[in-house]
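Residue-level structural notes
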Amino acid sequence: MKERILVIEDEESIARILQLELEHEGYVVGRASDGRSGIEQASSGDWDLVLLDVMLPELNGIEVLRRLRQAGNPIPIILLTARDTIPDKVSGFEHGANDYVTKPFAMEELLARVRNLLRIFQAQPREAESADVIKTADLAIELRTRKVYRKDLPIELTPREFELLVYLAEHRNEEKSREEILSEVWGYDFIGETNLVDVYIRYLRQKIDKGFRHKLIHTVRGVGYMLKEPDA
Ligand code: CA
(Lines give C-alpha, C1' and ligand atoms only; values in the text may rest on other atoms or scores of the structure.)
Protein backbone atom coordinates (compact mmCIF):
# COMPACT_ATOMS: atom_id res chain seq x y z
CA MET A 1 0.00 0.00 0.00
CA LYS A 2 1.24 3.48 -0.82
CA GLU A 3 2.35 5.51 2.14
CA ARG A 4 0.71 8.88 2.60
CA ILE A 5 2.74 11.99 3.35
CA LEU A 6 1.38 15.40 4.30
CA VAL A 7 3.55 18.39 3.36
CA ILE A 8 2.88 21.54 5.42
CA GLU A 9 4.84 24.29 3.68
CA ASP A 10 3.80 27.81 2.62
CA GLU A 11 6.44 28.37 -0.05
CA GLU A 12 4.73 27.19 -3.20
CA SER A 13 7.95 26.39 -5.09
CA ILE A 14 9.33 24.20 -2.27
CA ALA A 15 5.99 22.51 -1.62
CA ARG A 16 5.66 21.74 -5.32
CA ILE A 17 9.12 20.22 -5.70
CA LEU A 18 8.60 18.16 -2.53
CA GLN A 19 5.31 16.87 -3.88
CA LEU A 20 6.83 15.95 -7.26
CA GLU A 21 9.82 14.19 -5.73
CA LEU A 22 7.75 12.30 -3.16
CA GLU A 23 5.19 11.24 -5.76
CA HIS A 24 8.04 10.11 -7.97
CA GLU A 25 9.15 7.88 -5.07
CA GLY A 26 5.67 6.36 -5.01
CA TYR A 27 4.14 8.19 -2.04
CA VAL A 28 0.70 9.74 -1.99
CA VAL A 29 1.15 13.43 -1.13
CA GLY A 30 -1.19 15.97 0.46
CA ARG A 31 -0.43 19.63 1.01
CA ALA A 32 -1.31 22.41 3.43
CA SER A 33 0.08 25.93 3.19
CA ASP A 34 -0.46 27.37 6.65
CA GLY A 35 -0.30 26.15 10.23
CA ARG A 36 -3.99 26.14 10.92
CA SER A 37 -5.03 24.09 7.88
CA GLY A 38 -1.96 21.92 8.51
CA ILE A 39 -3.30 20.94 11.94
CA GLU A 40 -6.73 20.29 10.48
CA GLN A 41 -5.41 18.05 7.75
CA ALA A 42 -2.95 16.24 9.98
CA SER A 43 -5.76 15.55 12.47
CA SER A 44 -8.37 14.40 9.99
CA GLY A 45 -6.37 12.55 7.37
CA ASP A 46 -4.91 9.12 7.65
CA TRP A 47 -1.24 10.03 7.10
CA ASP A 48 1.88 7.97 7.60
CA LEU A 49 4.25 10.94 7.97
CA VAL A 50 4.25 14.75 8.04
CA LEU A 51 6.88 17.12 6.63
CA LEU A 52 6.43 20.30 8.62
CA ASP A 53 8.03 23.65 7.82
CA VAL A 54 8.87 25.76 10.88
CA MET A 55 8.26 29.21 9.35
CA LEU A 56 4.55 29.17 8.50
CA PRO A 57 1.77 31.75 8.46
CA GLU A 58 -1.15 31.51 10.94
CA LEU A 59 0.65 29.17 13.33
CA ASN A 60 4.34 28.38 13.10
CA GLY A 61 5.56 24.82 12.74
CA ILE A 62 6.62 24.42 16.37
CA GLU A 63 3.15 25.45 17.49
CA VAL A 64 1.58 23.03 15.00
CA LEU A 65 3.81 20.28 16.36
CA ARG A 66 3.01 21.17 19.97
CA ARG A 67 -0.74 21.13 19.37
CA LEU A 68 -0.69 17.84 17.45
CA ARG A 69 1.28 16.12 20.21
CA GLN A 70 -0.87 17.69 22.92
CA ALA A 71 -3.91 16.22 21.18
CA GLY A 72 -2.22 12.82 21.32
CA ASN A 73 -1.45 12.58 17.61
CA PRO A 74 1.57 10.24 17.38
CA ILE A 75 2.29 10.62 13.64
CA PRO A 76 6.00 10.75 12.69
CA ILE A 77 7.00 14.33 11.91
CA ILE A 78 10.10 15.70 10.16
CA LEU A 79 10.69 19.42 10.73
CA LEU A 80 12.03 21.59 7.94
CA THR A 81 14.03 24.29 9.69
CA ALA A 82 15.31 27.40 7.96
CA ARG A 83 18.37 27.72 10.14
CA ASP A 84 20.65 25.14 11.60
CA THR A 85 20.37 26.62 15.07
CA ILE A 86 20.56 24.73 18.32
CA PRO A 87 17.48 26.39 19.91
CA ASP A 88 15.29 25.46 16.90
CA LYS A 89 16.41 21.85 17.02
CA VAL A 90 16.07 21.58 20.78
CA SER A 91 12.59 23.05 20.86
CA GLY A 92 11.60 20.88 17.90
CA PHE A 93 12.65 17.69 19.64
CA GLU A 94 11.21 18.86 22.96
CA HIS A 95 7.85 19.25 21.32
CA GLY A 96 7.95 15.81 19.78
CA ALA A 97 9.56 16.09 16.33
CA ASN A 98 11.04 12.78 15.19
CA ASP A 99 13.67 14.27 12.90
CA TYR A 100 14.59 17.51 11.17
CA VAL A 101 16.17 18.68 7.94
CA THR A 102 17.83 22.06 7.53
CA LYS A 103 16.97 24.26 4.55
CA PRO A 104 18.30 24.41 1.94
CA PHE A 105 18.25 20.62 1.97
CA ALA A 106 19.50 18.09 -0.53
CA MET A 107 16.49 16.15 -1.82
CA GLU A 108 18.33 12.82 -1.47
CA GLU A 109 18.96 13.48 2.21
CA LEU A 110 15.34 14.39 2.81
CA LEU A 111 14.09 11.29 0.97
CA ALA A 112 16.49 9.12 2.96
CA ARG A 113 15.17 10.54 6.22
CA VAL A 114 11.58 9.96 5.11
CA ARG A 115 12.34 6.33 4.22
CA ASN A 116 14.22 5.82 7.45
CA LEU A 117 11.48 7.20 9.66
CA LEU A 118 8.74 5.25 7.88
CA ARG A 119 10.81 2.08 8.29
CA ILE A 120 11.35 2.67 12.02
CA PHE A 121 7.69 3.30 12.66
CA GLN A 122 6.52 0.35 10.61
CA ALA A 123 9.07 -2.03 12.07
CA GLN A 124 8.16 -1.43 15.71
CA PRO A 125 5.32 -3.81 16.53
CA ARG A 126 5.57 -6.23 13.60
CA GLU A 127 5.92 -9.56 15.25
CA ALA A 128 4.46 -12.97 14.92
CA GLU A 129 0.74 -13.18 15.51
CA SER A 130 0.01 -15.00 18.68
CA ALA A 131 -2.85 -15.60 21.06
CA ASP A 132 -1.35 -12.82 23.18
CA VAL A 133 -2.25 -10.23 20.58
CA ILE A 134 -5.73 -9.06 19.67
CA LYS A 135 -5.77 -7.57 16.19
CA THR A 136 -8.72 -5.76 14.78
CA ALA A 137 -8.51 -3.49 11.74
CA ASP A 138 -5.24 -1.56 12.24
CA LEU A 139 -5.37 -1.86 16.02
CA ALA A 140 -3.09 -4.29 17.86
CA ILE A 141 -3.38 -5.02 21.59
CA GLU A 142 -0.58 -7.00 23.20
CA LEU A 143 -2.16 -8.62 26.23
CA ARG A 144 1.04 -9.75 27.91
CA THR A 145 2.98 -6.48 27.64
CA ARG A 146 -0.20 -4.37 27.74
CA LYS A 147 1.00 -2.39 24.73
CA VAL A 148 -1.40 -0.93 22.20
CA TYR A 149 -0.69 0.17 18.64
CA ARG A 150 -2.83 1.81 16.03
CA LYS A 151 -1.38 1.73 12.51
CA ASP A 152 1.84 0.53 14.17
CA LEU A 153 2.10 3.69 16.30
CA PRO A 154 2.26 3.12 20.07
CA ILE A 155 -0.61 4.43 22.20
CA GLU A 156 -0.36 5.02 25.95
CA LEU A 157 -3.37 3.88 27.96
CA THR A 158 -4.11 3.89 31.66
CA PRO A 159 -4.87 0.44 33.17
CA ARG A 160 -8.63 1.06 33.13
CA GLU A 161 -8.61 2.37 29.57
CA PHE A 162 -6.66 -0.74 28.59
CA GLU A 163 -9.20 -3.07 30.25
CA LEU A 164 -12.06 -1.27 28.53
CA LEU A 165 -10.37 -1.48 25.14
CA VAL A 166 -9.63 -5.19 25.56
CA TYR A 167 -13.24 -5.86 26.52
CA LEU A 168 -14.58 -3.98 23.48
CA ALA A 169 -12.02 -5.60 21.17
CA GLU A 170 -12.83 -9.11 22.42
CA HIS A 171 -16.47 -8.36 21.66
CA ARG A 172 -15.84 -6.40 18.48
CA ASN A 173 -18.79 -5.80 16.18
CA GLU A 174 -21.15 -6.55 19.09
CA GLU A 175 -23.33 -3.92 20.71
CA LYS A 176 -22.62 -3.62 24.41
CA SER A 177 -24.80 -1.77 26.89
CA ARG A 178 -23.31 0.61 29.43
CA GLU A 179 -24.46 -1.75 32.20
CA GLU A 180 -22.73 -4.75 30.62
CA ILE A 181 -19.52 -2.79 30.07
CA LEU A 182 -19.63 -1.45 33.61
CA SER A 183 -20.09 -4.84 35.27
CA GLU A 184 -17.50 -6.56 33.05
CA VAL A 185 -14.80 -3.89 33.21
CA TRP A 186 -15.40 -2.24 36.60
CA GLY A 187 -17.18 -4.98 38.50
CA TYR A 188 -20.42 -5.08 40.42
CA ASP A 189 -19.37 -2.51 42.99
CA PHE A 190 -19.89 0.17 40.37
CA ILE A 191 -23.46 -0.68 39.38
CA GLY A 192 -25.45 2.46 38.61
CA GLU A 193 -22.37 4.52 37.71
CA THR A 194 -22.90 4.19 33.97
CA ASN A 195 -21.59 7.72 33.35
CA LEU A 196 -18.15 6.28 34.18
CA VAL A 197 -18.41 4.31 30.95
CA ASP A 198 -19.16 7.46 28.95
CA VAL A 199 -16.20 9.27 30.49
CA TYR A 200 -13.77 6.44 29.73
CA ILE A 201 -15.12 5.95 26.21
CA ARG A 202 -14.35 9.64 25.66
CA TYR A 203 -10.77 9.15 26.89
CA LEU A 204 -10.34 6.09 24.69
CA ARG A 205 -11.64 7.89 21.62
CA GLN A 206 -9.11 10.67 22.17
CA LYS A 207 -6.33 8.12 22.14
CA ILE A 208 -7.53 5.44 19.74
CA ASP A 209 -9.59 7.26 17.14
CA LYS A 210 -8.52 10.89 17.06
CA GLY A 211 -6.59 11.68 13.91
CA PHE A 212 -7.64 8.48 12.15
CA ARG A 213 -9.98 8.40 9.17
CA HIS A 214 -11.74 5.23 10.30
CA LYS A 215 -13.23 5.41 13.77
CA LEU A 216 -13.32 2.14 15.70
CA ILE A 217 -15.43 3.12 18.70
CA HIS A 218 -19.08 3.74 17.86
CA THR A 219 -22.00 4.94 19.93
CA VAL A 220 -25.03 2.69 19.67
CA ARG A 221 -27.97 4.98 20.25
CA GLY A 222 -30.14 3.90 23.16
CA VAL A 223 -27.85 0.97 23.97
CA GLY A 224 -24.21 1.76 24.60
CA TYR A 225 -21.07 1.25 22.56
CA MET A 226 -19.40 -1.02 20.07
CA LEU A 227 -15.92 -1.44 18.69
CA LYS A 228 -16.60 -1.89 15.00
CA GLU A 229 -14.20 -2.85 12.25
CA PRO A 230 -14.46 -0.44 9.29
CA ASP A 231 -15.74 -3.10 6.88
CA ALA A 232 -17.89 -5.03 9.37
CA1 CA B 1 8.05 28.71 5.19
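Residues numbered from 1 in each chain as written. Predicted model: local features only at pLDDT ≥ 70, side-chain atom pairs only at ≥ 80, totals over all residues. Heavy atoms only, no water.

1. Topic: the sheet that holds strand β8 (residues 147–150)
Strand pairing in a sheet relies on backbone hydrogen bonds, with the paired strands running either antiparallel or parallel. What the four strands build is an open sheet, ordered β6-β7-β8-β9; its pairing is antiparallel. Edge positions in the open sheet fall to β6 (133–136) and β9 (153–155), since each of these has one partner strand only. On average, each strand axis in the sheet is tilted by 25° relative to the strand beside it, whichever way the strands run. Pairing of strand β7 (residues 139–142) with β8 involves four bridges; the strand directions are antiparallel. If you follow E142 over to β8, its bridge partner there is K147. Where helix α6 (residues 159–170) meets the sheet, its contacts fall on β6, β7 and β8, and the angle it forms with β7 comes to roughly 120°. (Pairing = 2+ DSSP bridges. Helix = DSSP H or I, 4+ residues; strand = E, 2+ residues; numbered from the N terminus. Axes fitted to C-alpha atoms, helices over the stretch in contact; angles between N-to-C directions. Contact = heavy atoms within 4.5 Å.)

2. So, the coordination of the calcium ion
Around the calcium ion, the donor atoms from the protein are D10 (OD), D53 (OD) and M55 (O), and they sit 2.1 to 2.3 Å away. Judged by relative accessible area, D10 falls into the partly exposed class, the value being 32%. By relative accessible area, which is 52% here, M55 ends up exposed. (Donors = N, O, S within 2.8 Å, 3.2 Å for Na, K, Ca; no water. Buried < 20%, exposed > 50% of the residue type's maximum accessible area, 1.4 Å probe, protein only.)

3. Thoughts on the sheet that holds strand β12 (residues 224–227)
The strand order across the open sheet built from three strands is β10-β12-β11, with neighbouring strands paired in antiparallel fashion. Two strands close off the open sheet at either side, each with one partner strand: β10 (176–177) and β11 (217–220). The strands touched by helix α8 (residues 195–208) are β11 and β12; relative to β11, the strand with the most contacts, the crossing angle is about 150°.

4. Points about the packing of helix α7 (residues 178–186) against α8
Relative to each other, α7 and α8 sit at 80°, their axes nearing to 9 Å. What the angle tells us is that α7 and α8 run roughly perpendicular. Between α7 and α8, the contacting residues are R178, I181, L182 and W186 on the first element and L196, V197, D198 and Y200 on the second. Classifying every residue of the contact of α7 with α8 gives six nonpolar, no polar and two charged. (Parallel < 35°, antiparallel > 145°, perpendicular 65-115°, else oblique. Nonpolar A, V, L, I, M, F, W, Y, C, P; charged D, E, K, R; others polar.)

5. Quick notes on the domain arrangement of the protein
For the protein, the assigned domains are domain 1 (4–127) and domain 2 (131–227). With centres defined by C-alpha atoms, the gap from domain 1 to domain 2 works out at 30 Å. Between domain 1 and domain 2, the residue contacts involve 18 residues of the former and 12 residues of the latter. Here domain 1 meets domain 2 over a buried area of about 1300 Å², counting both sides, of which 45% is carbon and sulfur. (Domains from an automatic or database assignment. Buried area = accessible area lost by both parts, 1.4 Å probe.)

6. As for the layout of surface pockets
If you add up the space inside the second largest pocket, you get close to 160 Å³. What lines the second largest pocket is simply R146, K147, V148, Y149, P154, I155, E156, L157, T158, P159 and F162. Every element with two or more residues in the lining of the second largest pocket is listed here: β8, β9 and α6. It is β8 that provides the largest number of residues to the lining of the second largest pocket, a total of three residues. (1 Å grid on protein atoms, 1.4 Å probe; cavity = no way out; pocket = protein on both sides within 12 Å on 5 of 7 lines; lining within 4 Å. Points joined across faces, edges and corners; volume = space filled by probe spheres on them.)

7. Some details on the pattern of salt bridges
Applying the stated criterion across every chain yields a total of 20 salt bridges. With a shortest N-O distance of 2.8 Å, R113 and E109 are connected by a salt bridge. Of this pair, R113 and E109 both sit in helix α5 (residues 107–123), four residues apart, roughly one helical turn. Relative accessible area serves as the criterion here: at 36%, E109 is assigned to the partly exposed category. Between E174 and K176 there is a salt bridge, with its nearest N and O atoms 3.4 Å apart. Residue E174 is classed as partly exposed on the basis of its relative accessible area, which comes to 35%. Each of E9, E11, D53 and K103 takes part in a single network of salt bridges with overlapping partners. (Salt bridge = Lys/Arg side-chain N within 4 Å of Asp/Glu carboxyl O.)

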